Amino acid sequence: MNVHEFQAKGILESHGVNVPRGGVAETPEEAELIAQELGSDLFVIKAQIHAGGRGKGGGVKLAKNPKEVRTQAGSILGMQLVTPQTGTGGKLVRKVLVAEASEIENELYLGMVIDRESSCVTIMASEEGGVDIETVASETPEKIIKESVDPAVGLQAFQARKIIFGLNVPIDLVGAATRLIMGLYDAFVKSDCSLAEINPLAIVKNGDEHDIVALDAKMNFDDNALPRHKDIEAMRDQHEEDSRELEAKQHGLSYISLDGTIGCMVNGAGLAMSTMDMIKLYGAEPANFLDVGGSATTEAVANAFRLILSDEKVEAVLVNIFGGIMQCDVIANGIIEAVNQVDLHVPLVVRLEGTNVELGRKLLSDSGLDLITANGLAEAAEKVVSATENN
Ligand code: ADP
Ligand code: MG
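Keep in mind that this is a model prediction, so the values were computed, not measured.

Asks: Which parts of the structure should I look at to understand the overall build of the chain?
Replies: Within the chain, the regular secondary structure consists of 14 helices and 18 strands. Expressed along its principal axes, the backbone C-alpha trace of the chain runs to roughly 80 × 50 × 40 Å. Taking all 391 residues of the chain together, the buried fraction comes to 49%. Intrachain contacts of the chain at a sequence separation of at least 6 include 68% that bridge at least 24 residues.

As structure tokens, then:
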């Protein structure tokens, strides 16, 4: 699960990470009020959407006084913000963060992820922070410092210092930077994050001195751990989540929405992935990943089918089921039930294999449904792709 920047900053702050003072607003008037209460020479107004690259897309603006904050908030709120991470449609901005703006001396990058290979939390940091960390990672990977933290021991001060010296943090900020990295690690572990990222982590002017502060924050949480974090679960923003993914979750289906045209209904994550590969091999793109699970009921299959057909991008559907625990007649009944409930307006290719396959195939052929059957995964992929081409 993702949260907004202001929510991530709230969590980080409770773990001792230094963040700029600010508040979140849903109207220009609220934004102005927050600015008045903050009382600063310069403010920043930031669109709150679940996507990065907001600066590039015009979702981060500066203002000199509360009146200007109100005007800028008015122009950002309600906009369909397009960033390199939103897709061409953009995302509707419903909230803005109003914060005091800092005078930036240097923008660094600090991130943490779970590295499954080493079973450790990997810390990544770079002097080349700011907006283009992806380019740094692909073109000059040597500029990214990595440090692995053994979860049984936790982050050690010497590791934090290693990162800090690698980042060339000014000597008088080493103590503050150590507290910040320790705070981020603490937040990461205690809230069961899968990713936490501060970009930019900024060295800022503070009168005659300077300071180190998290100007942006991104946190992803492990969905499987959410039952023990009710406070984080409560931060869920339904508007930001794919409505089909939400519905799938309610039906206990593993569904991920993608950009292609072939709807896929498969059992087992491995088979689902190889089905997607085969579709690509035959020149098309999958519209979704969908694993109905090993022991789905007729109802689950019907729900999955409805979900796929509700996606207007879908030009054809491929059902690829290997009936091991799952029986082919159950799948067949699910398909028949679903097609009777919804209007099947696209070609349907079905490949069934495994337990009760003869019964499953018979049910389908007796049903009188207009479907294309296939033997083998390659044939199924080829047939579904050519069905979209002939359409
Ligand atoms: P995104 O990553 O979505 O583009 P950021 O929060 O990183 O959004 O903001 C983009 C840029 O805006 C930052 O790299 C920084 O230069 C500037 N910025 C963000 N917050 C502040 C702030 N509080 N004070 C000054 N500049 C800021
Ligand atoms: Mg950023």
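Don't stop here, the text continues.
Asks: Looking at this model, I keep getting lost on the coordination of the magnesium ion (ligand 2). Mind explaining?
Replies: Ideal geometry at a metal gives 109.5 degrees between four tetrahedral donors and either 90 or 180 degrees between six octahedral ones. Surrounding the magnesium ion (ligand 2) are the protein donor atoms Asn199 (O) and Asp216 (OD), which sit 2.2 Å from the metal. With a gap of 17 residues between them, Asn199 in strand 10 (residues 193–206) and Asp216 in the loop between strand 11 (209–214) and strand 12 (218–221) connect regions that are remote in the sequence. Just as Asn199 is buried, Asp216 falls in that class too.

Asks: I would appreciate a short explanation of the pattern of salt bridges in the present structure.
Replies: Side chains that differ in sign of charge can pair as their charged atoms come close. By the definition in use, this model includes 23 salt bridges. For Arg236, the salt bridge identified is with Glu241, shortest N-O distance 2.9 Å. Here the two residues Arg236 and Glu241 agree in accessibility, since each one is buried. In the salt-bridge network here, residues are joined through shared partners; they are Glu5, Lys9, Lys46, Arg54 and Asp216.

Asks: For this particular structure, what's the right way to read the pairing of strand 15 (residues 288–291)?
Replies: Each regular strand displays side chains that alternate between the two surfaces of the sheet. Burial of strand 15 is two-sided: the residues Asn288 and Leu290 facing one way and the residues Phe289 and Asp291 facing the other way are all buried. Here strand 13 (residues 254–257) pairs with strand 15 via 4 bridges, running antiparallel. Note on strand 15: the bridge partner recorded for Tyr255 is Leu290.

Asks: Would you take a moment to explain the layout of surface pockets for this structure?
Replies: Rolled over the atoms, a probe as big as a water molecule pinpoints where empty space is left. If you add up the space inside the second largest pocket, you get close to 350 Å³. If you go around the second largest pocket, you meet 17 residues; those closest to its centre are Glu100, Ala101, Ser102, Lys205 and Asn206. At the level of elements, strand 10 and strand 11 are the ones that each hand at least two residues to the lining of the second largest pocket. Among the elements that line the lining of the second largest pocket, the one with the most residues is strand 10, at 3 residues. Split into classes, the residues belonging to the lining of the second largest pocket amount to 6 nonpolar, 5 polar and 6 charged.

Asks: Help me understand the sheet that holds strand 6 (residues 96–100) in this model?
Replies: Whether parallel or antiparallel, the strands of a sheet pair through hydrogen bonds between backbone atoms. Pairing is antiparallel across the open sheet formed by 4 strands, whose spatial order is 1-6-2-3. Strands at the two margins of the open sheet, each flanked by one partner only, are strand 1 (22–25) and strand 3 (60–63). Adjacent strand axes in the sheet meet at a mean angle of 20 degrees when their direction is disregarded. Here strand 1 pairs with strand 6 via 4 bridges, running antiparallel. The residue bridging Val24 from the neighbouring strand is Leu97, located in strand 6. Where helix 1 (residues 5–14) meets the sheet, it contacts strand 1, strand 2 (43–47) and strand 6, and its direction lies at approximately 50 degrees from that of strand 6.

Asks: Is there a simple way to think about the packing of helix 10 (residues 269–281) against helix 14 (residues 377–390) in this case?
Replies: How two helices sit against one another is set out by the angle between their axes and by the gap between those axes. Axis separation between helix 10 and helix 14 bottoms out at 9 Å; the angle between their running directions is 55 degrees. Taken together, the axis directions place helix 10 and helix 14 in an arrangement best described as oblique. Every pair of crossing elements has a handedness; the one defined by helix 10 and helix 14 is right-handed. Listed contacts from helix 14 to Ser274, Thr275, Met278 and Ile279 of helix 10 are Leu377, Ala378, Ala381 and Val385. Taken together, the residues of the contact of helix 10 with helix 14 sort by class into 6 nonpolar, 2 polar and no charged.

About the criteria used
- Residues numbered from 1 in each chain as written.
- Chains lettered and ligands numbered in written order.
- Predicted model: local features only at pLDDT ≥ 70, side-chain atom pairs only at ≥ 80, totals over all residues.
- Heavy atoms only, no water.
- Helix = DSSP H or I, 4+ residues; strand = E, 2+ residues; numbered from the N terminus.
- Buried < 20%, exposed > 50% of the residue type's maximum accessible area, 1.4 Å probe, protein only.
- Contact = heavy atoms within 4.5 Å.
- Donors = N, O, S within 2.8 Å, 3.2 Å for Na, K, Ca; no water.
- Salt bridge = Lys/Arg side-chain N within 4 Å of Asp/Glu carboxyl O.
- Pairing = 2+ DSSP bridges.
- 1 Å grid on protein atoms, 1.4 Å probe; cavity = no way out; pocket = protein on both sides within 12 Å on 5 of 7 lines; lining within 4 Å.
- Points joined across faces, edges and corners; volume = space filled by probe spheres on them.
- Nonpolar A, V, L, I, M, F, W, Y, C, P; charged D, E, K, R; others polar.
- Axes fitted to C-alpha atoms, helices over the stretch in contact; angles between N-to-C directions.
- Parallel < 35°, antiparallel > 145°, perpendicular 65-115°, else oblique.
- Left-handed = near helix turned anticlockwise from the far one by under 90°.

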